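# Chain and residue survey
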Amino acid sequence: MPEGHTLHRIARLHHERFAGGAVRVSSPQGRFAEGAALVDGQVLERAEAVGKHLLHHYESGLSVHVHLGLYGTFSEAELPMGPPVGQVRMRMIGAATDFGTDLRGPTACEILHPPEVDALIARLGADPLRPDADHDRAGARIRRSRRAIGALLMDQAIIAGVGNVYRAEVLFRHGISPFRPGTAITAAEWDALWADLVDLMPIGVRTGRMHVVRPEHDSGAPSYAKDRPRTYVYRRQGEPCRVCATPVAHKVMDARNLFWCPTCQSH
């Protein structure tokens, strides 16, 4: 599932390409036909992301909410766009630009009214990529919980936008066991974790890639997959830790794969 930096990157691109002008919106697949008709031809005022959610805000007050889920993707194209290929849930074409985009396979693509947008944002936690994020509130919730910090970092109601890669990597970078309960995370440790996410995630927005390995460790073993940046522990189970050479461990936590170094993250 795409992590928050991917949605912020898409929101930035769509805002640059479509905001301020009328947009033609359709649903070639048909599943979003009624919603598309409500915003077709309207001016897109802005696009924004909150965690893993994308919002297109239109002049009428209506918003299109997209959650990509596991399989959703946007494909961007210059005009003229050819006939839709595959199951295109939503096609957007800028009336005054040279760009269009097709959305395929999202978990959600729906029209929201302002109170529904407010409710969506209210149920999400602090987003490290947003200047309005309340990291103190998120930290307080973490320190009141006996759940493992590895699970808390993935709880979108506490921290919005952090996914499996950033979860694994930021805990490694701070030497924190993913099994330590939230009540054992100090305020200083939480501040450091948060500050690291605030530094790391914008790199993903700018480059489209997660860069999490410090320069002094960014050599030796290749990445876990072709065309992917190196990681400390994510998807490296059984491989030697880049810092101490202990085999990277793996187990499932709350139905998600978890990776950590038993030596570097022993506490």
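Predicted, not measured: the structure shown is a model, and the values here were computed from it. (Residues numbered from 1 in each chain as written. Predicted model: local features only at pLDDT ≥ 70, side-chain atom pairs only at ≥ 80, totals over all residues. Heavy atoms only, no water.)

Let us look at the sheet that holds strand β1 (residues 23–26). One open sheet holds the four strands; their spatial order is β1-β6-β7-β5, and the pairing between them is antiparallel. At either end of the open sheet lies a strand with only one pairing partner, and these are β1 and β5 (73–78). Adjacent strand axes in the sheet meet at a mean angle of 15 degrees when their direction is disregarded. Where β5 and strand β7 (residues 99–104) come together, six bridges link them in antiparallel fashion. By the bridge assignment for β7, Glu 78 is matched with Phe 99. (Pairing = 2+ DSSP bridges. Helix = DSSP H or I, 4+ residues; strand = E, 2+ residues; numbered from the N terminus. Axes fitted to C-alpha atoms, helices over the stretch in contact; angles between N-to-C directions.)

Moving on to the sheet that holds strand β2 (residues 44–50). In sheet architecture, strand pairing relies on hydrogen bonds along the backbone and comes in two forms, parallel and antiparallel. Across the sheet, which stays open at both edges, the four strands sit in the order β2-β3-β4-β8 with antiparallel pairing between neighbours. Unpaired on one side and paired on the other, β2 and β8 (108–112) mark the two borders of the sheet. In this sheet, adjacent strand axes meet at a mean angle of 15 degrees when their direction is disregarded. Examined bridge by bridge, strand β3 (residues 53–58) and strand β4 (residues 63–67) share five bridges and lie antiparallel to one another. Looking at β4, one finds that Leu 55 is bridged to His 65. Of the strands in this sheet, β2 and β3 are in contact with helix α1 (residues 4–18), which crosses β2 at around 170 degrees. (Contact = heavy atoms within 4.5 Å.)

For the rest of this paragraph, the subject is the pattern of salt bridges. Applying the stated criterion to the full structure yields twelve salt bridges. Salt-bridge contacts for Arg 130 lead to Glu 48; the nearest nitrogen and oxygen are separated by 2.9 Å. Taken together, the residues span a long stretch of sequence, with Arg 130 in the loop between α3 (114–122) and α4 (135–144) and Glu 48 in strand β2 at a distance of 82 residues. You can call Glu 48 buried: its relative accessible area is 13%. (Salt bridge = Lys/Arg side-chain N within 4 Å of Asp/Glu carboxyl O. Buried < 20%, exposed > 50% of the residue type's maximum accessible area, 1.4 Å probe, protein only.)

Pairing geometry for strand β9 (residues 249–253) and strand β10 (residues 256–260), over five bridges, is antiparallel. Counterpart to Val 252 in the pairing with β10 is Asn 257. Here β9 folds back onto β10, and the loop between the two strands holds two residues, one of which, Asp 254, carries a positive phi near 50 degrees.

Grouped together as the largest cluster of nonpolar side chains are 35 residues, with contacts concentrated most on Ile 142, Ile 149, Leu 153, Ile 159, Tyr 166, Trp 190 and Val 233. Listed by contribution, the elements that provide at least two residues to this core are α4, α5 (149–152), α6 (164–173) and α7 (187–207). The element that contributes the greatest number of residues to this core is α7, accounting for seven residues. Contacts of Ile 149, omitting those with residues within four sequence positions, involve Ile 142, Leu 171, Ile 176, Ser 177, Pro 178, Arg 180, Gly 182 and Ile 185. With 23 residues, the next largest nonpolar core counts Leu 54, Tyr 58, Cys 109 and Ile 111 among its residues. (Core = buried A, V, L, I, M, F, W, Y, C linked by side-chain atoms within 4.5 Å.)

Now for the domain arrangement of the protein chain. By domain assignment, the protein chain separates into domain 1 (4–123) and domain 2 (135–260). Between domain 1 and domain 2, the contact holds eight residues from the first and 14 residues from the second. Interface area for domain 1 against domain 2, summed over the two sides, is near 870 Å², with a carbon-plus-sulfur share of 58%. On the domain 1 side of the interface with domain 2, the three residues burying the most area are His 5, Arg 9 and Lys 52, jointly 63% of the side's total. Counting across the interface, domain 1 meets domain 2 through three residue pairs in polar contact (both at pLDDT 80 or more). Looking at side-chain class alone, the side of domain 1 that touches domain 2 contains no nonpolar, four polar and four charged residues. (Domains from an automatic or database assignment. Buried area = accessible area lost by both parts, 1.4 Å probe. Polar contact = N/O pair within 3.5 Å; in protein donor to acceptor, adjacent residues only side chain to side chain. Nonpolar A, V, L, I, M, F, W, Y, C, P; charged D, E, K, R; others polar.)

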